[in-house]
Amino acid sequence: DLNVGNYYCQIYKHNVINQEEDVELLNLGGNLSNTQHPALHYTDSILIYSSDREGSVAQYDLYISFLRDGKWTLGLNLGQVINTEGNEKFPVWYKDTLYFSSDREGGFGAFDIYSAKNNTGIWQDAEMQPAPINSAGDDISIIYDSEIKTGYFSSNRMDGQGGFDVYRFIPFNLKLVVNAYDS
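Residues numbered from 1 in each chain as written. Predicted model: local features only at pLDDT ≥ 70, side-chain atom pairs only at ≥ 80, totals over all residues. Heavy atoms only, no water.

*Asks:* I'm lost on the packing of aromatic side chains in this one. Help?
*Replies:* Aromatic ring pairs are described here by two measures, namely the spacing of the ring centres and the angle between the planes. Considering all chains together, one arrives at 9 aromatic pairs under this definition. Plain terms: the ring middles of Tyr49 and Tyr63 are 6.0 Å apart, the flat faces sit at 15° to each other, and that makes the pair stacked. With Tyr49 in strand E4 (residues 46–51) and Tyr63 in strand E5 (residues 61–68), this residue pair connects regions lying 14 residues apart in the sequence. This pair shows no difference in class: Tyr49 is buried, exactly as Tyr63 is. Between Phe100 and Tyr114, the ring centres sit 5.9 Å apart and the planes meet at 20°, which makes this aromatic pair stacked. Linking Phe100 in strand E9 (residues 97–102) with Tyr114 in strand E10 (residues 112–119), this pair joins segments that are 14 residues apart in sequence. What links up through ring pairs into an aromatic cluster is the set Tyr94, Tyr99, Tyr144, Phe153, Tyr167 and Phe169. Above the ring of Tyr63, the side-chain terminus of Arg53 is found at 4.6 Å from the ring centroid. Stacked on the ring of Tyr114, the Lys or Arg Arg104 has its end atom at 4.5 Å from the ring centre. (Phe/Tyr/Trp six-rings, centres within 6.5 Å; stacked < 30°, edge-to-face > 60°. Helix = DSSP H or I, 4+ residues; strand = E, 2+ residues; numbered from the N terminus. Buried < 20%, exposed > 50% of the residue type's maximum accessible area, 1.4 Å probe, protein only. Lys NZ or Arg CZ within 6 Å of the ring centre and 35° of its normal.)

*Asks:* What am I meant to see in the side chain of Ser50 here?
*Replies:* In this fold, Ser50 is placed in strand E4. Under the relative-accessibility criterion, Ser50 is labelled buried at 0%. A distance of 2.9 Å separates the side chain of Ser50 from the backbone oxygen of Glu88, its partner in a polar contact. Each residue touching Ser50, except ones within four places of it in the same chain, is listed here: Asn34, Thr35, Gln36, His37, Tyr60, Asp61, Leu62, Glu88 and Lys89. (Polar contact = N/O pair within 3.5 Å; in protein donor to acceptor, adjacent residues only side chain to side chain. Contact = heavy atoms within 4.5 Å.)

*Asks:* Mind showing me how you'd approach the nonpolar core here?
*Replies:* Grouped burial of nonpolar side chains is what soluble globular proteins tend to show. With 13 residues, the main nonpolar core has Ile48, Leu78, Leu98 and Trp123 as its most contacted residues. Within the residue set of this core, elements represented by two or more residues are E4, E5, E9 and E10. Leave out the neighbours within four places in its chain, and Trp123 touches Ile48, Ile64, Leu78, Val81, Ile82, Trp93, Leu98, Ala116, Lys117 and Asn118. (Core = buried A, V, L, I, M, F, W, Y, C linked by side-chain atoms within 4.5 Å.)

*Asks:* Is there a simple way to think about the pattern of salt bridges in this case?
*Replies:* Oppositely charged side chains can pair when the atoms bearing their charge come close. Overall, the coordinates contain 3 salt bridges when judged by the stated rule. Across the salt bridge formed by Lys71 and Glu24, the nearest N and O atoms sit 3.7 Å from each other. With a gap of 47 residues between them, Lys71 in strand E6 (residues 71–72) and Glu24 in strand E2 (residues 20–25) connect regions that are remote in the sequence. On the basis of relative accessibility, which here comes to 27%, the residue Glu24 falls in the partly exposed class. (Salt bridge = Lys/Arg side-chain N within 4 Å of Asp/Glu carboxyl O.)

*Asks:* Would you mind going over the side chain of Asn83 with me for this structure?
*Replies:* In this fold, Asn83 is placed in the loop between strand E7 (76–77) and strand E8 (88–94). Aside from chain neighbours lying at most four places away, what touches Asn83 is Val57, Asp61, Leu62, Asn77, Leu78 and Glu88.

*Asks:* Would you mind showing me how to read the environment of Arg104 here?
*Replies:* Relative to the helices and strands, Arg104 resides in the loop between E9 and E10. Using a relative accessible area of 12% as the deciding quantity, one classes Arg104 as buried. Each C-alpha atom of the pair Arg104 and Glu85 lies 6.6 Å from the other, and the pair is 19 residues apart in sequence. Ignoring sequence-local partners within four residues, the contact set of Arg104 consists of Ile82, Thr84, Gly86, Glu88, Tyr114 and Ala126. At 2.5 Å, the side chain of Arg104 and the backbone oxygen of Ile82 are in polar contact.

Set out below in C-alpha cells:
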C-alpha cells in the first residue's frame with residue numbers, strides 16, 4: 001500500500017477544484033525509495049524525477065514517466081547516456097531540453113549542470129554547461145525565462161553569501177566570424 005506512513009520522499013499531485021482539495025500520491029514505482037525533484041514537461045505529459053530506487057546506476061538516477069489515460073506510468077530509468085556512477089538530481093525542462101545536475105567524474109566540482117536532448121526516443125550525450133554557470137561548488141536547478149531573456153540557477157560556490165544562493169545570467173550565443181583575404 002503506497003499510503004503507509006513511511007519516511008521516504010514521494011511525489012504528490014494536488015488538485016483544487018471549486019475549493020475542494022484532492023491530494024494524490026503518484027505511483028511511479030520504487031515504493032521503498034526516495035522519489036523527488038519532479039520536472040514536468042511543458043506538454044504536461046512527461047515527468048522526469050530523481051530516485052534512489054533499486055536498480056539505479058548510482059545512488060540517485062533520473063527516471064521518466066508518461067501520462068497515459070489520466071495515470072502516470074511506472075518510472076523508467078533514463079539509461080547510461082544520462083545516468084552515471086555519479087548522482088543525477090534536480091532535473092528541469094526548458095522547451096525540449098532537459099537540464100540536470102550531476103556529481104559525475106570530469107566536472108568542475110561537486111554537482112555540475114548538464115543538458116541533454118531526446119531525439120525521437122533516444123537521449124543524446126549529456127553536455128556540461130560552461131563556466132561561469134558551473135563552478136567548484138554545487139551548481140543546481142537551472143531555469144530560463146524566455147520572456148525577459150535571462151536565467152537563474154542555485155549554487156553554494158565560494159564567492160556567495162553562504163549556503164545556496166540564486167545567481168542570474170543572460171544566455172548568449174557566441175558566433176565566430178572569420179574573414180579571409182587572399183593577397
